[in-house]
Amino acid sequence: MKSSAALTGSRVKQLLTAAGQRRILVVGDVMLDQFIWGGVSRISPEAPVPVVDFVRESYMPGGAANVARNLTALKTRTDIFGSVGRDAAATQLKKLLEEQSVGCAGLVVSANRHTSIKTRIVAQQQQVVRVDRETRGDLDEASTRKLLANISAQLGRADAIIVGDYGKGVVTQTLLDGLRHECRARGIWLSLDPKPVHELKLTDLSLITPNRKEAFELAGLTDDTRNTNPLADAQLMRAAERLLAELRPAILLITLGDLGMLVCQRGQKPIHIPTVAQEVFDVSGAGDTVIATFTLAIAAGASPLEAALLSNHAGGIVVGKVGTATVAPEELLANF
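Here is a short report on the structure shown in this document. Note that the structure is a prediction, hence the values are computed from the model and not measured. (Residues numbered from 1 in each chain as written. Predicted model: local features only at pLDDT ≥ 70, side-chain atom pairs only at ≥ 80, totals over all residues. Heavy atoms only, no water.)

1. A word on empty space enclosed by the protein
Here is step 1 of the chain: The final tally for this structure, using the stated rule, is 2 cavities of 30 Å³ or more.
Here is step 2 of the chain: Lining the largest cavity are D29, V30, S83, R113, H114, T115, S116, T135, K168 and V170.
Here is step 3 of the chain: Classifying every residue of the lining of the largest cavity gives 2 nonpolar, 5 polar and 3 charged.
Here is step 4 of the chain: Here the second largest cavity defines a volume of roughly 40 Å³.
Here is step 5 of the chain: Along its surface, the second largest cavity is lined by D165, P194, K195, P196, H198, E199, L200, L202 and L218.
Here is step 6 of the chain: Looking at the lining of the second largest cavity, its residues break down into 5 nonpolar, 1 polar and 3 charged. (1 Å grid on protein atoms, 1.4 Å probe; cavity = no way out; pocket = protein on both sides within 12 Å on 5 of 7 lines; lining within 4 Å. Points joined across faces, edges and corners; volume = space filled by probe spheres on them. Nonpolar A, V, L, I, M, F, W, Y, C, P; charged D, E, K, R; others polar.)

Shown next, in the form of C-alpha cells:
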C-alpha cells in the first residue's frame, strides 16, 4: 500500500529531541573523501578528455564515517569502529571526525592496510572522474578480535549499532556474527547497509537497507523490468518476499532512487513512500543518510513507518546538495 501517513512537526521535534539522548555505534569501512573542485573550458590536446582548472579541494569523512557524521549532525552521540592505516589519511580522517563530535577511540590501526581515500574531481557541479586508493582484502583476525573487543566494551551504553559494509574487508563474517550475537543477547538494534558482492550471511538483523540493484543481487534474481509503481512491480515484490523469507530481517528497507523507498515487514503489506527530493545534484552518501536517520529514529522511539518517513525526507534533502552531505535538525523540521 502507499503511505498516506504523515509526520507532524511536533512529532519530528519530539523524535529529534529524544535522539539527542541516544548513543549509536557505527561499525564498518571508513574512508576519507577528497573533492577536487574546478572548472572546464577546454578539451586536452593530448587526449579527448576535459581539462579541469583547479579551484580548491576539500575533505570529508566517507563510507561508515559518513554514516557517523550524519548521526552527529542530528545531535546523536556517536562512536565509530573500523580500521585505518598508519598514514596521513588516517590522521586527517580522525581530525575531521573529532571536529564533528564523532568518537574515534574504536578505530583500529593496521600496519598492513591503507586508509581508503576516494578522490572525486568535480567541475561545474558534475563529477568528472573518481580515483580510489584502498586496501580491499579482509581485515586480519587479530585486528577483527580487537575491533570486536572495542565494540563490546561500549555496548552497555549503546542504543543501536549501524554496520556499513562497503566491500573493503572490515565487515567480515566473524565480525558480523560477533555483533549479531552481542546485540541479540542485549536486545540492541542492529542495522546493516549490505554489499552483495561480499556474500555474507545476513540473517536475523533488525534492518537491512539495500538499493534496488542490491536487493535483486541478494535475492539471486534478475531485474529486467522497471515499473514506475513499485507496488505493481511483480519482480520487485518477488525480490522483497524472498529477502524477507530467507534473511528474516525485522525490517527490509529498499531504496529506489527517484521512486522513493519500499518498507517491508513479514506478514504485512509493503509500503511505498514516494521521494520528496525537489532537485538532485549528487546522490553520493544518500544511503548513509537514510540508514543513519532511520536507525536514530527507531532508537528515539519511532515506529518503522515514522522512521521511514523521516529518513526519506533526510535523503531528499542531501541529494539536493553537492558532495557527501548531512542534514541538520532545523532542515528536517522545515520539511514538516
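2. Comments concerning the packing of helix α8 (residues 286–299) against helix α9 (residues 304–318)
Here is step 1 of the chain: Direction vectors running N to C along α8 and α9 enclose 150°, while the axes themselves pass 8 Å from each other. With respect to α9, the axis of α8 lies roughly antiparallel. Where α8 crosses over α9, the handedness of that crossing is right-handed. For the pair formed by α8 and α9, the contact residues are A286, T289, V290, T293, F294, A297 and I298 on the first element and P304, A307, A308, L310, S311, A314, G315 and V318 on the second.
Here is step 2 of the chain: Class assignment of the residues belonging to the contact of α8 with α9 gives a composition of 11 nonpolar, 4 polar and no charged. (Axes fitted to C-alpha atoms, helices over the stretch in contact; angles between N-to-C directions. Helix = DSSP H or I, 4+ residues; strand = E, 2+ residues; numbered from the N terminus. Parallel < 35°, antiparallel > 145°, perpendicular 65-115°, else oblique. Left-handed = near helix turned anticlockwise from the far one by under 90°. Contact = heavy atoms within 4.5 Å.)

3. Overview of the sheet that holds strand β8 (residues 160–164)
Here is step 1 of the chain: Here we have 9 strands laid out as an open sheet, ordered β5-β4-β1-β8-β9-β10-β11-β12-β13, and mixed in their pairing. Where the open sheet ends on each side, the last strands, each with one partner, are β5 (102–109) and β13 (271–273).
Here is step 2 of the chain: For strand β9 (residues 189–193) and strand β10 (residues 207–208), the ladder comprises 2 bridges, and the chain directions are parallel. Across the sheet, the residue bridging to L192 is I208, located in β10.
Here is step 3 of the chain: Of the strands in this sheet, β1 (23–28), β4 (77–84), β5 and β8 touch helix α2 (residues 64–73), which is tilted by about 165° from β1.
Here is step 4 of the chain: Along the sheet, α9 contacts β11 (251–255), β12 (261–264) and β13; its crossing angle with β13, the most-contacted strand, is approximately 25°. (Pairing = 2+ DSSP bridges.)

4. Regarding the sheet that holds strand β2 (residues 30–43)
Here is step 1 of the chain: The strand order across the open sheet formed by 4 strands is β3-β2-β6-β7, and the pairing between neighbours is mixed. Every other strand in the sheet has two partners, leaving β3 (50–63) and β7 (126–133) as the edge strands with one partner each. Across the sheet, the mean angle separating the axes of adjacent strands is 20° when strand polarity is ignored.
Here is step 2 of the chain: Across the face of the sheet, α2 comes into contact with β2 and β3 while running at roughly 70° to β3.

5. Quick look at the nonpolar core
Here is step 1 of the chain: In terms of nonpolar packing, the biggest core is built from 60 residues, with V26, V30, I80, L253, F294 and L332 touching the most fellow members.
Here is step 2 of the chain: With 8 residues, the single largest contributor to this core is α8.
Here is step 3 of the chain: Every residue in contact with I80, bar those within four places of it in the chain, is listed here: V26, V30, A64, A65, A68, L97, V102, G103, C104, G106 and L107.
Here is step 4 of the chain: I151, A215, L221 and C264 belong to the second-largest nonpolar core, a separate cluster that totals 42 residues. (Core = buried A, V, L, I, M, F, W, Y, C linked by side-chain atoms within 4.5 Å. Buried < 20%, exposed > 50% of the residue type's maximum accessible area, 1.4 Å probe, protein only.)

6. A few points about the environment of G301
Here is step 1 of the chain: Along the chain, the position of G301 falls in the loop between α8 and α9.
Here is step 2 of the chain: Once the C-alpha coordinates of G301 and A19 are considered, the two residues, 282 residues apart in sequence, prove to be 8.7 Å apart.

7. Regarding the side chain of D233
Here is step 1 of the chain: By the secondary structure assignment, D233 is in the loop between α6 (212–219) and α7 (234–247).
Here is step 2 of the chain: Given a relative accessible area of 2%, D233 falls into the buried group.
Here is step 3 of the chain: Among residues more than four places away in sequence, those in contact with D233 are R212, T225, R226 and N227.

8. Some words on the pairing of β2
Here is step 1 of the chain: Counting buried residues in β2 gives 10 out of 14 residues, a clear majority hidden from the surface.
Here is step 2 of the chain: Summarising the sheet, β2 and β3 pair through 13 bridges and their orientation is antiparallel. Opposite Q34, over in β3, you have Y59 as the bridge partner.
Here is step 3 of the chain: Once β2 ends, the chain turns through 6 residues before running back antiparallel as β3.
Here is step 4 of the chain: By the bridge criterion, 8 bridges tie β2 to strand β6 (residues 116–123) in an arrangement that is parallel. In the strand pairing of β6, D33 is matched with K118.

9. Examining the environment of F216
Here is step 1 of the chain: Relative to the elements of secondary structure, F216 occurs in helix α6.
Here is step 2 of the chain: Assessed through its relative accessible area of 3%, F216 is described here as buried.
Here is step 3 of the chain: Here the alpha-carbon distance between F216 and L243, two residues 27 residues apart in the chain, equals 9.0 Å.
Here is step 4 of the chain: Residues in contact with F216, not counting those within four places in the same chain, are L221, T222, D223, Q235, L236 and A239.

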